[in-house]
Amino acid sequence: MISASLLFGLFLTLNANAQDPMKVAPNVYKKVVLENDKVRIMQVEIAPGGIVPWHSHPDHIAYALTDGKLEITDKGKSAEVAEVKAGEAMYLNATTHMAKNVGETDLKIVVTELKTIKTKK
């Protein structure tokens, strides 16, 4: 099982300089499956050797569709390698990170970002 501090737990606190993964990595973040005022669900596919540049996520859930090996670098930390297993789901706190597929197969993941809900006063 992937540890939350590893896989997409590369996401420390949001960094003002980091960017939306849909904009910074359109070759990896393939499409938005659903977006509304509460969530954004994205289809992610990383080819072997593929690199996802620095980007940020709010609190989010990652669900692995395939097995793979992902090297993740959280902002201000050393890179760590996570073994991703198909069928695993993990909750991850907001973070800024980059990632590289260091495995030999395409890695497919569904990422669901949780949006902050503003209440009326």
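Predicted, not measured: the structure shown is a model, and the values here were computed from it.

Cut-offs applied
- Within every chain, residues take consecutive numbers counted from 1 along the sequence as written.
- Thresholds applied to this predicted model are a pLDDT of at least 70 for local features of residues and 80 or more for the giving and counting of side-chain atom pairs; totals over whole chains, interfaces and linings are not thresholded and use all residues.
- The side-chain values count all of the structure's non-hydrogen atoms but skip hydrogen atoms and water molecules.
- Two strands are said to pair when DSSP picks up at least two bridges between them.
- Secondary structure elements follow DSSP: runs of H or I of four or more residues count as helices, runs of E of two or more count as strands, with numbering from the N terminus.
- Where helices are involved, their axes are fitted lines through C-alpha atoms of the stretch in contact, as for all axes, and angles between N-to-C directions lie from 0 to 180°.
- Throughout this description, buried means an accessible area under 20% of the type-specific maximum (1.4 Å probe, protein chains only), exposed means over 50%, and partly exposed covers the range between.
- Under the rule applied, a polar contact is a pair of N or O atoms within 3.5 Å (in protein, one hydrogen donor and one hydrogen acceptor; residues adjacent in sequence only if both atoms are side-chain atoms).
- Residue types Ala, Val, Leu, Ile, Met, Phe, Trp, Tyr and Cys, when buried and joined through side-chain atoms within 4.5 Å, form a set referred to as a nonpolar core.
- Any two residues whose heavy atoms approach within 4.5 Å at even a single point are treated as in contact.
- Salt bridges, as used here, are contacts in which a Lys or Arg side-chain nitrogen is within 4 Å of a carboxyl oxygen on Asp or Glu.

(A) Fine view of the sheet that holds strand β8 (residues 95–101). Judged by pairing direction, the sheet is antiparallel, and its four strands sit side by side in the order β3-β8-β5-β6 without closing on themselves. Single-partner strands in this sheet number two, and they are β3 (51–57) and β6 (80–84). The average undirected angle you get between the axes of adjacent strands in this sheet is 30°. When strand β5 (residues 68–74) meets β6, the two strands line up antiparallel, connected through five bridges. Within β6, the position partnered with G68 by the bridge is V84.

(B) Structural view of the environment of Y29. Tracing the backbone shows Y29 in strand β1 (residues 29–35). Residue class for Y29 comes out buried when judged on its relative accessible area of 2%. In the structure, Y29 is positioned 81 residues away from V110 in sequence and 9.5 Å away in space, judged by C-alpha atoms. A distance of 3.4 Å separates a polar atom in the side chain of Y29 from a polar atom in the side chain of H55. Polar side-chain contacts of Y29 include one of 3.1 Å to the side chain of H57.

(C) Up close: the pairing of β8. Among the seven residues that make up β8, five are buried, leaving the element largely enclosed by the rest of the structure. Across five bridges, β5 lies against β8 in antiparallel orientation. By the bridge assignment for β8, T73 is matched with M98.

(D) The arrangement of the nonpolar core in detail. Counting 20 residues, the largest nonpolar core has V28, Y29, V44, I46, V52, L70 and I109 as the members making the most contacts within it. Elements supplying a minimum of two residues to this core: β2 (39–46), β4 (60–64), β5, β6, β7 (89–92) and β9 (107–114). Residues contacting V28, with those up to four places away along its chain left out, are Q43, V44, E45, I46, I51 and V52.

(E) Spatial organisation of the sheet that holds β9. Across the sheet, five strands lie side by side as β1-β2-β9-β4-β7; this open sheet has antiparallel pairing. Every interior strand has two partners, whereas the edge strands, β1 and β7, have only one. Neighbour-to-neighbour, the strand axes of this sheet turn through a mean angle of 20°, independent of strand direction. Two strands pair when backbone bridges link them, and β1 and β2 are joined in this way by five bridges, in the antiparallel orientation. Bridge assignment links K31 to a residue of β2, and that residue is Q43.

(F) A look at the pattern of salt bridges. For the structure on display, the rule yields four salt bridges. R40 is paired through a salt bridge with E113; the nearest N and O atoms lie 2.8 Å apart. Placement of the pair is R40 in strand β2 and E113 in strand β9, with a sequence separation of 73 residues. Using a relative accessible area of 4% as the deciding quantity, one classes E113 as buried. The salt bridge partner of K69 is E83, with a shortest N-O separation of 3.5 Å. With K69 in strand β5 and E83 in strand β6, the pair connects residues that are 14 residues apart, well separated along the chain. Linked by salt bridges that have partners in common, D20, R40 and E113 make up one network.

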